Amino acid sequence: MLREAPFTAGLGGSERRRLASFARSFSIATDEVLFREGEPTPYLAIVISGRIALRMRLPGRASMTVMTVEPGDVVGWSAVLAPYRATSTVVAVEQSDVIALDAAQLRLALE
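Throughout what follows, the structure given in this document is the object of discussion. Each chain carries its own residue numbering, running from 1 in the written order of its sequence. In keeping with the model being predicted, local features are shown solely for residues with a pLDDT of at least 70 and side-chain atom pairs are shown and tallied solely at 80 or more, while totals for entire chains, interfaces and linings include all residues. As a convention, hydrogens and water are excluded, and side-chain values are obtained from all of the structure's heavy atoms.

A few points about the overall build of the protein chain
For clarity, the threshold we go by: Only DSSP runs of H or I with at least four residues qualify as helices, and only runs of E with at least two residues qualify as strands; both kinds are numbered from the N terminus onward. The globule rule used here is 2.2 Å times the number of residues to the 0.38 power, and the radius of gyration it is set against is calculated over C-alpha atoms. Three labels apply to residues, based on accessible area from a 1.4 Å probe with only protein chains included: buried if under 20% of the type maximum, exposed if over 50%, partly exposed otherwise in between. Here, two residues are considered to be in contact whenever any of their heavy atoms come within 4.5 Å of each other. Surface exposure here means Shrake-Rupley accessible area, sampled with a 1.4 Å probe, where a residue is shielded only by the protein chains that are shown. Charged residues are defined here as Lys and Arg on the positive side and Asp and Glu on the negative side; His and the ends of the chain fall outside this count. By convention, the point assigned to a charge is CZ for Arg, NZ for Lys, CD for Glu and CG for Asp.
A count of helical and extended segments in the protein chain gives two helices and eight strands. Relative to the globule expectation of 13 Å for 111 residues, the C-alpha radius of gyration of the protein chain, 14 Å, shows essentially globular dimensions. Once the C-alpha set of the protein chain is aligned to its principal axes, its extents read approximately 50 × 30 × 20 Å. By the burial criterion, 37% of the 111 residues in the protein chain qualify as buried. At a minimum sequence separation of 6, the contacts of the protein chain that also span at least 24 residues come to 73%. On the protein chain, roughly 6,400 Å² of surface is accessible, and the fraction owed to carbon and sulfur atoms is 51%. Computed over 12 positive and 12 negative side-chain charges, the inter-centroid distance for the protein chain is 4 Å.

Below, the structure is given as structure tokens:
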């Protein structure tokens with residue numbers, strides 16, 4: 001799956017194997033939350049199938065969807081950007097499959 005993900009385009013086999021060593025794939029049910037705004041982001045996720053919404057709290061208003069991502073897109077960039085806390089709540093709009101890259105190990109690999 002990593003070989004076909006746009007996120008890994010241009011990486012060699014050894015780099016993809018290193019990412020695969022700390023990656024896991026899983027499914028997310030409709031309305032399941034991956035990340036909550038303000039909480040630590042434990043992984044960066046590549047969307048393999050489905051649709052996922054990024055929602056933000058707005059002062060004096062209800063939570064609002066600011067973006068919807070689809071296969072090939074990435075969510076959880078906060079996993080590699082200090083202070084490593086989600087800037088939005090990330091929720092599956094429909095059954096989705098993702099590849100999750102462990103945040104701490106990804107940061108080490110990027111160094």
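On we go.
With respect to the sheet that holds strand S8 (residues 96–102)
Test applied: A strand pair is defined by DSSP finding two or more bridges across the two strands.
The four strands lie next to each other as S1-S8-S3-S6, forming an open sheet whose pairing is antiparallel. Pairing within the sheet leaves two strands with one partner each, and these edge strands are strand S1 (23–28) and strand S6 (74–75). In this structure, S1 lies alongside S8, joined through six bridges in antiparallel fashion. Its bridge partner being in S8, Ser 25 is matched across the sheet by Ile 99.

Things to note about the sheet that holds strand S4 (residues 52–58)
Stated formally: Lines fitted to C-alpha atoms define the axes here, with helix axes fitted over just the stretch in contact, and angles between the N-to-C directions of these axes take values from 0 to 180 degrees.
Taken together, the four strands give an open sheet; going across it, the order is S2-S7-S4-S5, and neighbouring strands pair in antiparallel fashion. Of all strands in the sheet, those bounded by a partner on one side alone are strand S2 (33–35) and strand S5 (61–69). On average, each strand axis in the sheet is inclined to that of its neighbour by 35°, with strand direction left out of account. Two elements, S2 and strand S7 (residues 89–92), share two bridges in a ladder whose sense is antiparallel. Counterpart to Phe 35 in the pairing with S7 is Val 90.

Here we look at the pairing of S8
For a regular strand, side-chain orientation follows a simple rule: the groups alternate between the two sheet faces. Counting buried positions along S8 gives five out of seven residues, so the element sits mostly inside the fold. Taken together, the six bridges between strand S3 (residues 43–49) and S8 define a ladder with antiparallel strand orientation. Looking at the pairing, Ser 49 lines up with Asp 97 of S8.

Observations concerning the environment of Arg 85
Considering the arrangement of structural elements, one finds Arg 85 in the loop between S6 and S7. By relative accessible area, which is 41% here, Arg 85 ends up partly exposed. Not counting residues within four places of it along the chain, the set of residues in contact with Arg 85 comprises Gly 38, Glu 39, Pro 40, Thr 41 and Ser 78.

What to know about the packing of aromatic side chains
Condition: Note on aromatic contacts: the rings of Phe and Tyr and the six-membered ring of Trp form a pair at centre separations within 6.5 Å, being stacked when their planes are under 30 degrees apart, edge-to-face when over 60 apart, and tilted otherwise. The criterion is that NZ of a Lys, or CZ of an Arg, lies within 6 Å of the ring centre and within 35 degrees of the ring normal, and then a charge sits over that ring.
Per the stated rule, a full pass over the model turns up three aromatic pairs. Centroid distance Phe 26 to Tyr 43: 5.8 Å. Interplanar angle 85°. Geometry classified as edge-to-face. Residue Phe 26 is located in strand S1, and its partner Tyr 43 is located in strand S3; the two are separated by 17 residues in the primary sequence. Residue classification places Tyr 43 among the buried residues on the basis of a relative accessible area of 10%. Grouped by ring-pair contacts, the aromatic residues Phe 26, Phe 35 and Tyr 43 constitute a single cluster. Here the basic side chain of Arg 24 rests over the ring of Tyr 43, its NZ or CZ set 5.7 Å away from the ring centre. A cation over a ring is seen here: Arg 107 above Tyr 84, with NZ or CZ 3.9 Å from the ring centre.

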